[in-house]
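Fold and contact review
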Amino acid sequence: MTEAVRQVLETARRRFTTKHYDPAKHISREQMEALLEVLRLAPSSVNIQPYIQPWHHYVVASPEARAKLMPAVKDFNIERVRHADAVILLAIEKNVGEDAWLDKLFAQEVADGRLPSGAKADEIDQLRRTAAKAYCRDQAAAERWASEQVHIALGFVLMAAAQIGVQTTVLGGLWFEQVDEIFGIAREDRHVVVGLAVGVGDPADANAVRPKSRLPMEEIVTLL
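In this report, the structure presented in the accompanying data block is examined. (Residues numbered from 1 in each chain as written. Predicted model: local features only at pLDDT ≥ 70, side-chain atom pairs only at ≥ 80, totals over all residues. Heavy atoms only, no water.)

Observations concerning the pattern of salt bridges
- Per the counting criterion, the structure on display carries 15 salt bridges.
- Measuring nitrogen to oxygen at the nearest pair gives 2.9 Å for the salt bridge that ties R29 to E33. Taken together, the residues R29 and E33, both in helix α2 (residues 29-41) and four residues apart, mark about one turn of the helix.
- For R29, a relative accessible area of 68% corresponds to the exposed category. (Salt bridge = Lys/Arg side-chain N within 4 Å of Asp/Glu carboxyl O. Helix = DSSP H or I, 4+ residues; strand = E, 2+ residues; numbered from the N terminus. Buried < 20%, exposed > 50% of the residue type's maximum accessible area, 1.4 Å probe, protein only.)

Take a look at the structure:
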């Protein structure tokens, strides 16, 4: 086994969902910035390589922001939101199939030097627009597709957090429409679909020492 393979498997095996955080301890600024950069760099798909990134992230870190969030937290997550160092709210952009959004992405890729010049760039742009509009054929389809992309980013940041020693809890237990209202997110044509608590785990968290329980490989993987 190579060292790279060993390290990635070790990270996956030791990662766990944190149930209790130590409110007296904090992750470093460097760690938080790394997690946000991983979210920024995470892939999303529109069936061709140039990416649409249909998300925006809100970091709830100040006492004032946390207090505003609390009424939208379901009871079983109250302690985690209260004691974690921060909560990252992952929101979808609701207008990803619209021309203005696709224009913005195309301009950014041109500025970054990602696309070839001339007709080839226009061809790639048109392919993406066709695919994006197929995925986003109506508002419900667009929001479902965007939410799927956000969860790809969520997977990336969960693995990254474990690798750099940050504990995490995925927060599906929020009243998301209420979150949108509290922070004015709905007015920005966005919708929060999942949250992520990040922080330093309480050493007494029993989940840290419980063995992982997963179905055996042969029950979840079929080689064709």
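Structure's up, so let's keep going.
Brief notes about unusual backbone geometry
- Within the chain, D189 stands out as a residue other than glycine whose phi angle is a positive 60°.
- Examined against the element boundaries, D189 turns out to sit in the loop between α8 (176-182) and β4 (190-199).

Overview of the packing of aromatic side chains
- Summed over the entire model, instances satisfying the criterion amount to one aromatic pair.
- Directly above the aromatic system of W175 lies the positively charged group of K74, at a separation of 4.3 Å from the ring centroid. (Phe/Tyr/Trp six-rings, centres within 6.5 Å; stacked < 30°, edge-to-face > 60°. Lys NZ or Arg CZ within 6 Å of the ring centre and 35° of its normal.)

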